Amino acid sequence: EAVAADWMLEFACSCLCRHFGEESGEEFRRWRDVAQALTNGFSEIPTHQKKTVYLCQLLIRIAKGKSLELQFENGKKISPLESALSFWTLLEREEIKLEKLHEDIRRLIQIQIVAVHLENTYFKEAAEVLERLFTDSGSDKSLRMKLATIVKNKDPYVPLLQSFSYSLLISKIKSYIELFMKENETNFLIQEATKYVESKGLGAIALQNKPVNINKNYKSNLDTKQRLGTFLSHVNGRMQNCCLNVDSSLYWLYINCLLGLNNLENVEKQGDAMACGRRRQRWTYKEDLELKSGVQKFGVGNWAKILAHGNFNNRTSVMLKDRWRTLRRTD
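The name an unreviewed UniProt entry assigns to the protein is Telomeric repeat-binding factor 1, from the organism Formicarius rufipectus.

Visitor: Residues and numbers for the overall build of the protein, please.
Guide: A count of helices and strands for the protein gives 18 helices and zero strands. Sorting the 331 residues of the protein into buried and exposed places 41% on the buried side. Restricting the contact set of the protein to residue pairs at least 6 apart, pairs at least 24 apart contribute 65%. For the protein, the computed accessible surface area is about 19,000 Å², with 51% contributed by carbon and sulfur atoms.

Visitor: An account of the packing of helix H1 (residues 2-22) against helix H9 (residues 166-183) is requested, with residue identities and associated values reported.
Guide: Where H1 contacts H9, the two axes come as close as 10 Å, and the packing angle between them is 140 degrees. The angle between the axes of H1 and H9 places the two elements in the oblique class. Between H1 and H9 the crossing geometry is left-handed. Across the interface between the two elements, Cys13, Ser14, Cys17, Phe20 and Gly21 of H1 pack against Ile170, Ile173, Lys174, Ile177, Phe180 and Met181 of H9. Its residues assigned to classes, the contact of H1 with H9 comprises eight nonpolar, two polar and one charged.

Visitor: Lay out the pattern of salt bridges in plain terms, naming residues and giving numbers.
Guide: Applying the stated criterion across every chain, the model contains 15 salt bridges. The residue Glu82 makes a salt bridge to Arg132 at a minimum N-O spacing of 2.9 Å. Placement of Glu82 in helix H4 (residues 80-93) and of Arg132 in helix H6 (residues 123-133) is noted, with a sequence separation of 50 residues between them. When the shortest N-O distance is used, the salt bridge between Lys100 and Asp104 registers 2.9 Å. Within this pair, Lys100 and its partner Asp104 are both found in helix H5 (residues 99-119), separated by four residues, close to a single helical turn. By relative accessible area, Lys100 is classed as partly exposed at 37%. Salt bridges sharing common partners tie together Lys100, Asp104 and Lys172.

Visitor: Let's hear about the nonpolar core: which residues, and what values?
Guide: If you look at the biggest cluster of nonpolar residues, it comprises 58 residues, and the most contacted ones within it are Leu55, Leu58, Leu59, Ile62, Leu147 and Leu169. With 10 residues, the single largest contributor to this core is H5. With residues near it in sequence (within four places) discarded, Leu59 still touches Leu16, Cys17, Phe20, Phe28, Ile173 and Ile177. Core analysis: the second largest hydrophobic core is formed by 11 residues, Trp283, Leu291, Ile306 and Leu307 among them.

Visitor: Could you give an account of the packing of aromatic side chains, with specific residues and numbers?
Guide: Under the criterion given, the structure shown has six aromatic pairs. When the ring of Phe20 is compared with that of Phe28, the centres are 5.9 Å apart and the planes differ by 55 degrees; the resulting orientation is tilted. Of the two residues examined, Phe20 and Phe28, each falls in the buried class. Relative to Tyr176, the ring of Trp88 lies with its centre 5.1 Å away and its plane at 80 degrees, an arrangement referred to as edge-to-face. Pair noted here: Trp88 is in helix H4 and Tyr176 is in helix H9, with a separation of 88 residues, a long-range link.

Visitor: Could you give an account of unusual backbone geometry, with specific residues and numbers?
Guide: A positive phi angle is found at Glu23, which is not glycine, with a value near 55 degrees. Locating Glu23 in the fold gives a position in the loop between H1 and helix H2 (25-40). Here the phi dihedral of Lys154 falls at roughly 55 degrees; this positive angle occurs in a residue that is not glycine. Secondary-structure assignment places Lys154 in the loop between helix H7 (138-153) and helix H8 (159-163).

Conventions and cut-offs
Residues numbered from 1 in each chain as written. Predicted model: local features only at pLDDT ≥ 70, side-chain atom pairs only at ≥ 80, totals over all residues. Heavy atoms only, no water. Helix = DSSP H or I, 4+ residues; strand = E, 2+ residues; numbered from the N terminus. Buried < 20%, exposed > 50% of the residue type's maximum accessible area, 1.4 Å probe, protein only. Contact = heavy atoms within 4.5 Å. Areas by Shrake-Rupley, 256 points an atom, 1.4 Å probe, with all protein chains shown as cover. Axes fitted to C-alpha atoms, helices over the stretch in contact; angles between N-to-C directions. Parallel < 35°, antiparallel > 145°, perpendicular 65-115°, else oblique. Left-handed = near helix turned anticlockwise from the far one by under 90°. Nonpolar A, V, L, I, M, F, W, Y, C, P; charged D, E, K, R; others polar. Salt bridge = Lys/Arg side-chain N within 4 Å of Asp/Glu carboxyl O. Core = buried A, V, L, I, M, F, W, Y, C linked by side-chain atoms within 4.5 Å. Phe/Tyr/Trp six-rings, centres within 6.5 Å; stacked < 30°, edge-to-face > 60°.

Shown next as structure tokens:
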């Protein structure tokens, strides 16, 4: 049971990370409940599962970060973000790298704890939480004084809070998730499921029963979906003709596309708003400098690292890659 629970928790964490990154609320909540059920069974967290458990708990609380009605930590009156900060502290202890990303996320959580109280007009509680979060040390003193002034003025819309926004926090958490997923690519249940699909020939059946739906109104991804649909049709034909085997690179592309079908549907459900919003967001001169500096430090292609260590405004690693290509053409 313990071994099976390990596999399930690893898989649940992977699903939580993926759906958090895709902002798929319904699926995220489903896997949140699974992860909670699994972790509630621990009388003591196994050493090798600490990082997984802490990350699950962090994501669950970050997802509820804008609410102050929930209470975590055994009924104590504490906001989701303040509870998330305690799990982020535990996660930091499990790692010795990514120091800048750790520091960025820690500061963003702290600032947003205060900001969310202000946005909900809980001014007294904002002052109290400020006292709890920040010490009188040199590194904290300047930020603490600025936040104290903001709390005193009861203004949640000052430039400082806008610069360290909740959306930036989400973006940084996604960067951390990307790195976590890359480091934990070996997932037992995914591997076994892939073998099962191969042995039962379920791939071709799945495609026949669940064709790719190309939404004509979703113009921003139309070409991509058409290419994917053509590719899957081609692979489907190859599968029926028994031309693919486990060593075929086309086979593995096919499996990856199968696993990504739900992602494609989630994108359609989210609609045009998010895609258009990202598309309209102009790159600033400062972001371009951050990108160039990151490429110089980590090299072309290491977009996840560059994103994690840079100060970008709600960007993804794909956006960084596209922007770098544009800058190269301009130069």
